[in-house]
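Listed here are the chains, written in short residue letters.
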Amino acid sequence: MIKLVRGFKDVLPAETALWQHVEAMIRELLENFGFAELRIPALEHTELFARSIGADTDIVEKEMYTFTDRSGDSLTLRPEATASVVRAYIEHGLYAKSPVCKLYTIGPMFRRERPQKGRYRQFYQVNAEVFGLHDPRADAEVILLLMTFMDRLELSGIKLHINSLGCPECRPRFKDALKSFLAGCSEQLCSDCLRRRDGNPLRIFDCKVPACKEAMQDAPSILDHLCNACQRHFYTVQSALERFHISYETDHSLVRGLDYYTRTTFEVLAEGLGAQDAVAGGGRYDGLVKGLGGPDQPAVGFAIGLDRLMELLVGRAQGFEKRPHIFIAALGPRAQDEAFQWVQDFRMQNVRVEMDFEDRSLKAQMRRANKLQASYVLIVGDRELEDGAAVLRNMNTKDQENVSVQDLVNVVVKK
Ligand code: ATP
Ligand code: MG
């Protein structure tokens, strides 16, 4: 038997109703906040990710699904959405219509990571990006959106961490301070981090190797090195969060796993997920649009990991399945034939209805109706047809009543 590829998974019907519910909630919220959906392809030129995410990141160094197309082009299954959204924003000149542009996208991402709890090689993200706003209230607004969503999901044990990564003005000064500190850590750092130390030392904050994490505990804080403008920006983000009663913790080690961030970064962590406890992350990336060949437009956004979110919601799947409103238990060939017509008529009126084509015993058909958790069962045999009345049974109260078979569908729909 051919099985799933390692690290991939199926989302089964028992779970999809909850997925759809959660996706509908976030779509509604995003649209209320002024976002429009963008659909981007799963495949892009490799260079798009190499240039945006950064060559020294885990994603680009070891996690991308990259292959050479028959035409010789190097293509990659998208490991994240921001790069593609920025590409589309530039390619279609979306900035020309209005510099302020709010886009969201929902779909699968691909990273060849070590499969484990909360870590898959295909996982789903909701992505939101705001282009064209320098104002720190834009950062606060996307965080507000995210935290409102968490709130509506009634999740407990949710924490928001925020940081500022500075800008091209102040970050180089911090890099120098960090390099001086790291010069004394040669013994502790892993080989990847030793290599990153000169070119991209901030990356070391994101290393998952315990010895590197330990070494970084005494590292200098970027928050002590921000220029005045970055300090003001970060201060305004925090005041806005306080104004809307969003609690947060500042975490100077929060650099995120992608190189394009500037100023604000944030992550939402959830209790009960074990080691992979980040459900969402994001930040500002003012240099990326220009860096990918577009106009000099600032941007801020986030990604929510739906798979981990669904893990937090297990046990809530019940109540979201789409059960039939009516099951028609038809007994005998004439009743079966009549029922087949009713089924179609009900469906045309958006009533969820099922019947049994096998013409089994009433007991067997009632068993199936129970299994499907139908709200009503309509019982009709050839004799009921002759008498002109079928039996409608309410499966919750067990009450039964007769309904005329003349115009039956309309009569039942009215009920
Ligand atoms: P982590 O630190 O857990 O590796 P990340 O920083 O690599 O996360 P992002 O690129 O910020 O993740 O993606 C945003 C969200 O997508 C994460 O918070 C997480 O919920 C989800 N996510 C990322 N990688 C995976 C994965 N391999 N499997 C499932 N969900 C993932
Ligand atoms: Mg990761």
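1. Describing the sheet that holds strand β1 (residues 36–37)
Point 1. An order of β1-β5-β6-β11-β10-β9-β7-β8 is seen for the eight strands of this open sheet, with the pairing classed as mixed. Edge strands, defined here as strands with exactly one partner in the open sheet, are β1 and β8 (249–250).
Point 2. Where strand β10 (residues 278–284) lies against strand β11 (residues 299–305), five bridges are found, and the strand directions are antiparallel. Looking across to β11, one finds that G282 is bridged to F302.
Point 3. Packing of helix α1 (residues 13–32) onto the sheet brings it into contact with β1, β5 (101–110), β6 (122–131) and β11, and relative to β5 it is tilted by some 160 degrees.
Point 4. Along the sheet, helix α10 (residues 228–243) contacts β7 (158–164), β8, β9 (262–270) and β10; its crossing angle with β7, the most-contacted strand, is approximately 160 degrees.

2. Notes on the domain arrangement of the protein chain
Point 1. Domain annotation of the protein chain identifies domain 1 (13–170 + 226–317) and domain 2 (323–414).
Point 2. If you average the C-alpha positions of domain 1 and of domain 2, the two centres end up 49 Å apart.

3. A look at the side chain of E384
Point 1. Structurally, E384 can be placed in helix α15 (residues 382–387).
Point 2. Here E384 occupies a buried position and makes no salt bridge, while the nearest side chain of opposite charge, R383, is found at 4.2 Å.

4. Things to note about the environment of Y120
Point 1. Here Y120 is to be found in the loop between β5 and β6.
Point 2. Measuring from C-alpha to C-alpha, the distance between Y120 and G7 comes to 5.0 Å, with 113 residues separating the pair along the chain.
Point 3. Ignoring anything within four residues of it in the chain, the contact list for Y120 reads G7, K9, R111, D307 and E311.

5. Considering the site of ligand 1
Point 1. Looking at ligand 1, there are 15 residues lining it, with R111, E113, R119, R256 and A278 nearest.
Point 2. Between ligand 1 and the protein, one listed contact pairs an oxygen atom with a side-chain N or O atom of R256 at 2.7 Å.
Point 3. A280 is positioned with one of its backbone polar atoms (N or O) 3.4 Å from an oxygen atom of ligand 1.
Point 4. Burial of ligand 1 by the surrounding chains reaches 92%, relative to a free accessible area of 580 Å².
Point 5. No other element matches the three residues that β10 contributes to the shell around ligand 1.

6. Quick notes on α1
Point 1. The end-to-end C-alpha distance of α1 is 29 Å, a good match for the 28 Å that 20 residues give at a rise of 1.5 Å each.
Point 2. Listing the buried residues of α1 in full gives A17, L18, W19, V22, M25, I26, L29 and L30.
Point 3. Elements in contact with the buried residues of α1: β5, β6, α6 (136–152), β11 and α12 (306–312).
Point 4. Of the residues trailing α1, G34 is marked for its positive phi of about 90 degrees.

7. Let's talk about the sheet that holds strand β3 (residues 66–68)
Point 1. In spatial order, the strands read β2-β4-β3; together these three strands make up an open sheet with antiparallel pairing. For this open sheet the edge positions go to β2 (43–45) and β3, each flanked by a neighbour on one side alone. For this sheet the average axis-to-axis angle between neighbouring strands, irrespective of direction, equals 35 degrees.
Point 2. Across the sheet, helix α2 (residues 46–53) lies against β2, β3 and β4 (74–77), angled at about 75 degrees from β2, the strand it touches most.

8. Remarks on the packing of α2 against helix α4 (residues 82–91)
Point 1. Orientation of α2 relative to α4, taken along the N-to-C sense of each, is 110 degrees, at an axis distance of 9 Å. The pairing of α2 with α4 is recorded here as roughly perpendicular in orientation. Contacts between α2 and α4 involve L48, F49 and S52 on the former and, on the latter, A83, S84 and R87.
Point 2. Residue composition of the contact of α2 with α4, by class: three nonpolar, two polar and one charged.

9. Structural notes on the nonpolar core
Point 1. Formed by 53 residues in total, the largest nonpolar core has its most connected members in V86, F131, L178 and L189.
Point 2. Of all the secondary structure elements, the ones that give two or more residues to this core are α2, α3 (58–63), α4, β5, β6, α7 (171–182), α9 (210–216) and α11 (288–291).
Point 3. In terms of residue count, α4 provides more of this core than any other element does, six residues in total.
Point 4. Look past the residues within four positions of F131 in its chain and what remains in contact with it is V85, V86, Y89, P99, V100, C101, L103, Y285, V289, P298 and A299.
Point 5. Residues V126, M150, L155 and L306 belong to the second largest nonpolar core, which totals 44 residues.

10. Details of α6
Point 1. For α6, with 17 residues, the first-to-last C-alpha span of 24 Å sits near the 24 Å given by 1.5 Å per residue.
Point 2. Where burial is concerned, most of α6 is hidden: 12 out of the 17 residues are buried.
Point 3. Every buried residue of α6 is accounted for by P136, A138, D139, A140, V142, I143, L144, L145, L146, M147, F149 and M150.
Point 4. Here α6 starts with a cap whose side-chain oxygen sits 2.7 Å from the backbone nitrogen of R137, and that cap is D135.
Point 5. With its phi angle positive at about 55 degrees, E154 sits one or two positions after the end of α6.

11. What to know about the pattern of salt bridges
Point 1. In the structure shown here, the tally under the stated rule is 25 salt bridges.
Point 2. Its salt-bridge partner being E61, residue R195 comes within 2.9 Å of it at the nearest N-O pair. On the criterion of sequence distance, the pair formed by R195 in helix α8 (residues 191–199) and E61 in helix α3 is long-range, its members being 134 residues apart.
Point 3. Classification of R195 as partly exposed rests on a relative accessible area of 47%.
Point 4. Note that D192 and K62 form a salt bridge whose closest N and O atoms lie 2.8 Å from each other.

Criteria and cut-off values
Residues numbered from 1 in each chain as written. Chains lettered and ligands numbered in written order. Predicted model: local features only at pLDDT ≥ 70, side-chain atom pairs only at ≥ 80, totals over all residues. Heavy atoms only, no water. Pairing = 2+ DSSP bridges. Helix = DSSP H or I, 4+ residues; strand = E, 2+ residues; numbered from the N terminus. Contact = heavy atoms within 4.5 Å. Axes fitted to C-alpha atoms, helices over the stretch in contact; angles between N-to-C directions. Domains from an automatic or database assignment. Buried < 20%, exposed > 50% of the residue type's maximum accessible area, 1.4 Å probe, protein only. Lys, Arg positive; Asp, Glu negative; His and termini not counted. Salt bridge = Lys/Arg side-chain N within 4 Å of Asp/Glu carboxyl O. Near = heavy atom within 4 Å. Polar contact = N/O pair within 3.5 Å; in protein donor to acceptor, adjacent residues only side chain to side chain. Areas by Shrake-Rupley, 256 points an atom, 1.4 Å probe, with all protein chains shown as cover. Expected span 1.5 Å × (residues − 1). Parallel < 35°, antiparallel > 145°, perpendicular 65-115°, else oblique. Nonpolar A, V, L, I, M, F, W, Y, C, P; charged D, E, K, R; others polar. Core = buried A, V, L, I, M, F, W, Y, C linked by side-chain atoms within 4.5 Å.

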